[in-house]
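As a plain string of letters, each chain reads:
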Amino acid sequence: QVQLAESGGGLVQTGGSLRLSCAASGSIGSINVMGWYRQAPGKQRELVALQFSGGSTNYASSVKGRFIISRDNAKNTVYLQMNSLKSEDTAVYYCAAGRSVVSLFWGQGTQVTVSS
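Residues numbered from 1 in each chain as written. Predicted model: local features only at pLDDT ≥ 70, side-chain atom pairs only at ≥ 80, totals over all residues. Heavy atoms only, no water.

Time to look at the side chain of Thr110. One can find Thr110 in strand β11 (residues 110-115). Sequence-distant contacts of Thr110, defined by excluding residues within four places in its chain, comprise Glu6, Gly9, Leu20, Ala91, Val92 and Tyr93. (Helix = DSSP H or I, 4+ residues; strand = E, 2+ residues; numbered from the N terminus. Contact = heavy atoms within 4.5 Å.)

Spelled out as structure tokens, the structure:
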């Protein structure tokens with residue numbers, strides 16, 4: 001089992017920045033991938049960004065160039081730096097981690113609201 005604790009959500013104006021953090025605990029040795037998904041009201045959960053153990057990353061096209069995922073292995077923490085935020089980035093952001101993208105543990109979610 002992996003437990004994930006997110007922080008850093010909140011309210012920000014269009015064009016602003018936020019940084020999300022997610023600390024993992026438990027069976028962290030099993031983690032090969034960590035990242036972020038989001039779910040806006042009335043929409044399905046979607047991938048935002050993932051980082052794999054080898055360092056490779058995967059971003060949704062909608063956030064590429066604006067969001068940066070990073071990982072501090074010593075702290076078992078993954079970050080999501082979100083810049084140039086848009087109203088369409090408003091969603092609940094979920095941290096995810098696991099052995100693979102089809103075997104993920106989930107955090108409780110943190111609300112990000114971008115106001116115009």
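Another aspect to go through is the packing of aromatic side chains. Scanning the entire structure with this criterion turns up one aromatic pair. Relative to Trp106, the ring of Tyr37 has its centre 5.0 Å away and its plane inclined at 70°; by these criteria the two rings are edge-to-face. With Tyr37 in strand β4 (residues 33-39) and Trp106 in strand β10 (residues 103-106), this residue pair connects regions lying 69 residues apart in the sequence. Its guanidinium or amino end placed over the ring of Tyr94, Arg45 lies 3.8 Å from that ring's centre, counting from NZ or CZ. Of note, Arg45 hangs over the ring of Trp106, and the distance from its end group to the ring centre comes to 4.5 Å. (Phe/Tyr/Trp six-rings, centres within 6.5 Å; stacked < 30°, edge-to-face > 60°. Lys NZ or Arg CZ within 6 Å of the ring centre and 35° of its normal.)

Oppositely charged side chains can form a pair if their charged atoms are brought close together. Going through the model one piece at a time under the given rule, you end up with three salt bridges. For the salt bridge of Asp89 with Arg38, the shortest nitrogen-to-oxygen distance reads 3.0 Å. You can see Asp89 sitting in the loop between β8 (77-82) and β9 (91-100) and its partner Arg38 sitting in strand β4, a full 51 residues away along the chain. We classify Asp89 as buried; its relative accessible area is 1%. On the basis of relative accessible area, Arg38 is assigned to the buried category, the value being 5%. In this structure, the salt-bridge partner of Arg66 is Asp89, at a minimum N-O distance of 2.8 Å. Here the residue Arg66 occupies a position in the loop between β6 (57-59) and β7 (67-72), and Asp89 occupies one in the loop between β8 and β9, the gap between them amounting to 23 residues. Accessibility assignment for this pair places Arg66 and Asp89 in one class, buried. Where salt bridges share partners, they join Arg38, Glu46, Arg66 and Asp89 into one cluster. (Salt bridge = Lys/Arg side-chain N within 4 Å of Asp/Glu carboxyl O. Buried < 20%, exposed > 50% of the residue type's maximum accessible area, 1.4 Å probe, protein only.)

Any functional reading would require information that these geometric values do not contain.
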